[in-house]
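Residues per chain, in single letters:
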Amino acid sequence: MNRAATDAWLADLQRRFGEVLRTPLDAASGTLRAQTSRYGSPLAAAVQGDARERLAVYNRQYWFRLLTVMQTSWPLTARLLGMFHFNLHAQQYLLEHPPAHYDLHAVTLGFDRYLADNLRSEAVFRGPRDVPVPKAILLEATAVDAAFARVFHAPAEPRFDPRKHSPNELVQCKLVSSAAYARVDERWPLVELRFTLRDDTSESAVALPSPLTAAQTWAFFRNAQGVAHLRLEPLQARLFTLLDRHPLGEALAHLEVEAPPEARATLPEQTRAWIAHGIANAFWIGLQRV
Amino acid sequence: MSASESEAVSTPKYTALSRGLPANALGLGLRLPHYPYLFEHWPELGYLEVISENFMGDAEPPARHLARIRERYSVVMHGVGLNLLSHEPLSETYLDGLCRLADKLDAPFVTDHLCWTGSHGYNHHDLLPLPYVPQLIELAAERAHYVQKRLDRPFGLENLSSYVSFNESSMSEHEFYTRVVHEAGCHYMLDINNIYVSSQNHGFDPHTYLRAIDYARVLQVHLAGHSREPDGTIVDTHDRPVCDEVWQLYAAAWQLGGPFPTLLEWDASIPPMPVALAELARATTVRTERTVRG
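Each chain carries its own residue numbering, running from 1 in the written order of its sequence. Just so you know, chain letters begin at A and ligand numbers begin at 1, following the order they were written in. Local features are withheld for residues below a pLDDT of 70 in this predicted model, meaning they are given only at 70 or higher, and side-chain atom pairs are given and counted only at 80 or more; totals for whole chains, interfaces and linings count all residues. In computing side-chain values, all of the structure's heavy atoms are included and hydrogens and water are not.

## A short note on the overall build of chain B
The test is simple: Secondary structure elements are taken from DSSP: a helix is a run of H or I of four residues or more, a strand is a run of E of two residues or more, and numbering for both begins at the N terminus. In this description the radius of gyration comes from C-alpha coordinates, and the expected globular size is given by 2.2 Å times residues to the power 0.38. For every residue, the accessible area (1.4 Å probe, protein chains only) is compared with the maximum for its type, and the residue is labelled buried under 20%, exposed over 50%, or partly exposed between those bounds. In this count, Lys and Arg are taken as positive residues and Asp and Glu as negative ones, while His and the chain termini are left out. Here the site of a charge means atom NZ of a Lys, CZ of an Arg, CG of an Asp or CD of a Glu.
When helices and strands are counted, chain B shows ten helices and twelve strands. The globule rule puts the C-alpha radius of gyration for 294 residues at 19 Å, and the 18 Å found for chain B is close to it. Considered along the principal axes of its C-alpha atoms, chain B spans approximately 50 × 45 × 40 Å. Counting every position in chain B, which comprises 294 residues, the buried fraction comes to 61%. Taken as two groups, the 22 positive and 37 negative side-chain charges of chain B have centres that lie 6 Å from each other.

Spelled out as structure tokens, the structure:
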């Protein structure tokens with residue numbers, strides 16, 4: 001066999017094997033089972049012994065590896081749904097977005113958008129009794145998981161050092177956010193739930209939390225232990241939102257106008273403390289001229 | 001003084017192949033749950049092995065942790081994504097990242113598997129088998145030779161654990177493996193557990209396999225645990241201690257071609273690090289007993 005013929009033979013074999021691997025597991029029985037009857041006959045005929053059962057080992061390994069990395073990357077989302085229902089959504093997502101990159105984590109990116117796009121016309125069920133879960137909670141959970149993952153996987157960046165800039169520059173420029181810093185808004189207490197679930201290896205759906213009396217914002221950022229989370233004061237969250245859009249001077253002016261009268265007296269001192277905390281925790285990497 | 005007793009007290013031999021690793025070094029596959037114990041106790045250990053792909057990305061925390069670890073230990077690299085036997089060409093982007101990491105770590109050697117992991121644009125994230133046929137020897141050897149040259153350091157190929165064998169195979173696994181390594185001018189990353197798993201799944205003699213290996217070209221040996229499916233198929237799960245049969249094969253390999261660096265992999269149901277270290281330490285006992293008996 002010459003090289004071209006070898007390449008064609010290899011391509012054909014690998015295409016057939018890949019199809020076996022991606023054959024979805026069947027959930028009808030309540031557990032995920034390989035559907036060996038769906039494997040292509042030519043490949044099964046090429047394999048010795050009990051071919052379909054042996055190929056099923058690879059088929060199951062493919063799915064369990066991918067579902068495990070999905071569960072690890074979307075832990076809050078998974079526990080709100082319970083693993084069985086989460087796996088059904090994850091399997092459908094992976095059928096439509098199979099892995100292409102050598103970095104296994106890459107396959108998990110985009111599951112939040114997939115759920116947002118696909119849950120609109122679907123009921124979302126969870127737990128052993130197929131109890132519906134409000135889509136809004138689920139999408140908020142994906143936002144929390146996504147923010148955590150973004151911060152964890154961000155590259156190393158230089159820290160912003162205000163001492164390197166003149167006061168004029170500081171006021172007239174926008175702060176550039178670090179990739180290792182993210183904010184999430186929540187209407188249900190999901191951020192703390194995510195962190196309490198960190199050491200919980202159960203697969204069952206967690207109890208749905210009651211909604212908060214008022215929405216709140218969290219900052220995620222990196223520290224020596226990993227990813228830290230900090231609940232922001234409402235005005236602190238507003239300041240950081242304004243800093244995303246405006247130069248520092250303008251952001252401070254907007255905040256002063258928006259702050260309730262009773263907060264204005266202490267606002268300058270608080271603002272300095274919030275910005276100093278952000279600098280100390282590397283929320284920003286530098287300045288951008290506007 | 002027996003060979004085993006002298007091993008314990010004399011200065012370890014360093015092989016040219018392993019570039020500074022003691023020839024009888026014991027190493028552990030580095031996994032995330034090990035970090036807290038490692039950073040607190042810095043246990044005595046010959047070397048650590050990382051999964052290359054876990055450290056080839058831009059994420060800062062893994063890079064920071066690895067830099068700390070590298071200050072104390074030699075680190076070798078073991079890949080799962082080279083895709084040596086795909087019908088598609090090797091990824092130069094992947095190789096760029098691999099070379100960068102190897103340079104950064106000054107890795108004594110780099111290893112990956114004699115298998116394919118993806119095709120037609122898909123990455124299956126599994127180590128997949130092929131028929132053992134002569135026409136694949138040339139392809140695998142050419143590519144392995146190229147990878148070793150690109151890395152500019154010893155490159156080793158690991159034998160696969162597999163669950164299927166193909167009607168088209170016209171030679172044994174060990175014949176295919178040894179010919180690829182020989183023609184590529186690369187090295188063996190000999191996984192003893194994989195030999196056992198495949199020998200049970202496909203019915204060949206693991207000792208014949210071990211006798212076919214040129215131990216002068218062995219970079220290191222892997223040990224691991226495995227599990228058995230209800231139908232009897234053995235799956236390479238790396239989720240438990242090494243079984244007695246694999247220890248016996250290890251002792252046989254040591255007698256045939258030791259010393260060589262030996263590494264324990266434990267990837268699922270990972271125990272506290274002292275448990276893994278105690279399991280690894282059994283390697284010294286097993287080969288000592290065998291040498292004394294032998």
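## As for the interface of chain B and chain A
Which entries qualify depends on this criterion: Should any heavy atoms of two residues lie within 4.5 Å, those residues are considered in contact. Buried area, as used here, totals the accessible surface that two parts lose on assembly, with accessibility defined by a 1.4 Å probe and the loss added over both. The salt bridge definition used is simple: a Lys or Arg side-chain nitrogen within 4 Å of an Asp or Glu carboxyl oxygen. Counted as a polar contact is a pair of N or O atoms within 3.5 Å, where, for protein atoms, one must be capable of donating a hydrogen and the other of accepting one, and residues adjacent in sequence contribute only when both atoms are in side chains.
Contact with chain B, which involves 45 residues of that partner, is made by 43 residues of chain A. A buried area of about 3,900 Å², summed over both sides, lies between chain B and chain A, and 58% of it is on carbon and sulfur atoms. Inspection of the region where chain B meets chain A yields five salt bridges. On inspection of chain B and its partner chain A, the count reaches 19 residue pairs in polar contact (both at pLDDT 80 or more). Taken together, the elements giving at least two residues each to the side of chain B that touches chain A come down to α3 (60-72), β5 (116-119), β6 (122-128), α5 (134-151) and α7 (192-202) of chain B. Counting residues per element, the side of chain B that touches chain A draws most heavily on β6(B), which supplies seven residues.

## Things to note about the pattern of salt bridges
Tallying each qualifying case throughout the model produces 23 salt bridges over all chains. Notably, a salt bridge pairs A:Arg289 with A:Glu169, separated by 3.1 Å at the nearest N-O pair. Separated by 120 residues along the polypeptide, A:Arg289 in strand β7 (residues 284-289) and A:Glu169 in helix α8 (residues 167-172) bring together distant segments of the chain. A relative accessible area of 22% places A:Glu169 in the partly exposed class. The closest approach of N and O atoms between B:Arg282 and B:Glu279, which form a salt bridge, is 4.0 Å. Placement of the pair is B:Arg282 and B:Glu279 together in helix α10 (residues 273-293), with a separation of three residues, close to one helical turn. Via salt bridges that share partners, A:Asp12, A:Arg15, A:Arg16 and A:Glu19 belong to a single interconnected network.

## Structural notes on the sheet that holds strand β1 (residues 26-29) of chain B
Residue and element names in this part refer to chain B. The condition is simple: Two strands qualify as a pair provided DSSP detects at least 2 bridges between them. Helix axes are fitted only over the stretch in contact, all axes being lines through C-alpha atoms; the angle between N-to-C directions runs from 0 to 180 degrees.
With respect to topology, eight strands assemble into a closed barrel ordered β1-β2-β3-β4-β7-β8-β9-β12, the strand pairing being parallel. Across the sheet, the mean angle from the axis of one strand to that of its neighbour is 30 degrees, orientation sign disregarded. Here α5 sits on the sheet in contact with β4 (110-113), β7 (155-158) and β8 (187-191), set at roughly 140 degrees to β7.

## Let's talk about the packing of aromatic side chains
The condition that has to hold: Two aromatic rings from Phe, Tyr or Trp, using only the six-membered ring of Trp, form a pair when their centres are within 6.5 Å; if the ring planes differ by under 30 degrees the pair is stacked, by over 60 it is edge-to-face, and anything between is tilted. Two conditions define a charge sitting above a ring: the NZ of Lys or the CZ of Arg must be within 6 Å of the ring centre, and it must be within 35 degrees of the ring normal.
Going through the model one piece at a time under the given rule, you end up with 32 aromatic pairs over all chains. Look at A:Trp74 and A:Phe111: their rings are 5.7 Å apart centre to centre, the planes differ by 65 degrees, and that puts the pair in the edge-to-face class. Separated by 37 residues along the polypeptide, A:Trp74 in the loop between α3 (51-73) and α4 (75-81) and A:Phe111 in helix α6 (residues 111-118) bring together distant segments of the chain. With respect to burial, A:Trp74 and A:Phe111 carry one shared label: buried. Connected via pairs of aromatic rings, a cluster forms that spans A:Trp74, A:Phe86, A:Tyr93, A:Phe111 and A:Tyr114. Its guanidinium or amino end placed over the ring of A:Phe148, A:Arg194 lies 3.8 Å from that ring's centre, counting from NZ or CZ. Directly above the ring of B:Phe39 sits B:Arg68, whose terminal nitrogen or CZ lies 4.0 Å from the centroid.

## Re the environment of B:Thr111
Residue and element names in this part refer to chain B. Relative to the elements of secondary structure, Thr 111 occurs in strand β4. A sequence separation of 87 residues divides Thr 111 from Asn 24, and the C-alpha atoms of the two residues are 18 Å apart. Residues within four places of Thr 111 in sequence aside, it is in contact with Glu 49, Met 77, His 78, Gly 79, Phe 155, Gly 156, Met 189 and Leu 219. Polar side-chain contacts of Thr 111 include one of 2.7 Å to the side chain of His 78.

## Digging into the confidence of the model for chain B
Parts of the prediction with low pLDDT should not have their coordinates interpreted in detail. Residues and elements named next belong to chain B. Which entries qualify depends on this criterion: The predictor attaches a confidence to each residue, called pLDDT, with possible values from 0 through 100.
The predicted model of chain B averages 93 in pLDDT, with 92% of residues at 70 or higher. Segment residues 1-11: pLDDT under 50, and ten contacts once partners within four positions in sequence are set aside and those in other chains are kept. Scored as a complex, the prediction yields pTM 0.92 and ipTM 0.91.

## Re unusual backbone geometry
Omega for the bond connecting B:Gly258 with B:Pro259 falls within 30 degrees of zero, at 5 degrees, which places this linkage in the cis form. Positionally, B:Pro259 belongs in the loop between α9 (244-257) and β12 (262-264).

## A short note on helix α6 (residues 173-184) of chain B
Each full turn of the α-helix corresponds to 3.6 residues, which orients residues three or four apart in the same direction. Residues and elements named next belong to chain B. To keep it simple, the criterion reads: A helix is expected to span 1.5 Å for every residue after the first.
Along its twelve residues, α6 runs 16 Å from first to last C-alpha, staying within 8% of the 16 Å computed at 1.5 Å per residue. Among the residues of α6, Glu 173, His 174, Phe 176, Tyr 177, Thr 178, Val 180, Val 181 and Ala 184 are the ones counted as buried. Its buried side turned inward, α6 meets α5, β7, β8, α7 and α8 (206-211). Gly 185 sits one or two residues past α6 and shows a positive phi near 70 degrees.

## Topic: the environment of B:Arg64
Mapping B:Arg64 onto the fold places it in helix α3. The exposure class of B:Arg64 is partly exposed, given its relative accessible area of 29%. Those residues within four positions of B:Arg64 in sequence are excluded, and the remaining contacts are A:Asn223 and A:Ala224.

## Structural notes on α5(B)
Taking 1.5 Å of rise per residue, the 18 residues of α5(B) would be expected to cover 26 Å, and the 26 Å separating its terminal C-alpha atoms lies within 8% of that figure. Looking at α5(B), one finds that the buried residues are B:Leu136, B:Ile137, B:Leu139, B:Ala140, B:Ala141, B:Arg143, B:Ala144, B:Val147, B:Gln148 and B:Leu151. Of the surrounding elements, those touching the buried residues of α5(B) are α1 (3-22) of chain A together with α4 (92-105), β4, β7, α6 and β8 of chain B. Positive backbone phi, at 60 degrees, marks B:Asp152, one or two positions downstream of α5(B).

## Remarks on the packing of helix α11 (residues 248-258) of chain A against helix α13 (residues 267-280) of chain A
Residues and elements named next belong to chain A. In plain terms, the rule: Angular relationships are summarised with four words: roughly parallel below 35 degrees, roughly antiparallel beyond 145, roughly perpendicular across 65 to 115, and oblique for the angles in between. Handedness of a crossing follows from how the near helix is turned relative to the far one, being left-handed for an anticlockwise turn of less than a right angle and right-handed for a clockwise one. In this classification, Asp, Glu, Lys and Arg are treated as charged, Ala, Val, Leu, Ile, Met, Phe, Trp, Tyr, Cys and Pro as nonpolar, and every other residue, Gly included, as polar.
Running from amino to carboxyl end, α11 crosses α13 at an angle of 135 degrees, the nearest separation of the two axes being 11 Å. By the angle class used here, α11 and α13 are oblique. As α11 packs across α13, the resulting crossing turns out to be right-handed. In this structure, α11 contributes Leu 248, Leu 252, Leu 255 and Glu 256 to the contact, and α13 contributes Leu 267, Thr 271 and Ile 275. Looking at side-chain class alone, the contact of α11 with α13 contains five nonpolar, one polar and one charged residues.

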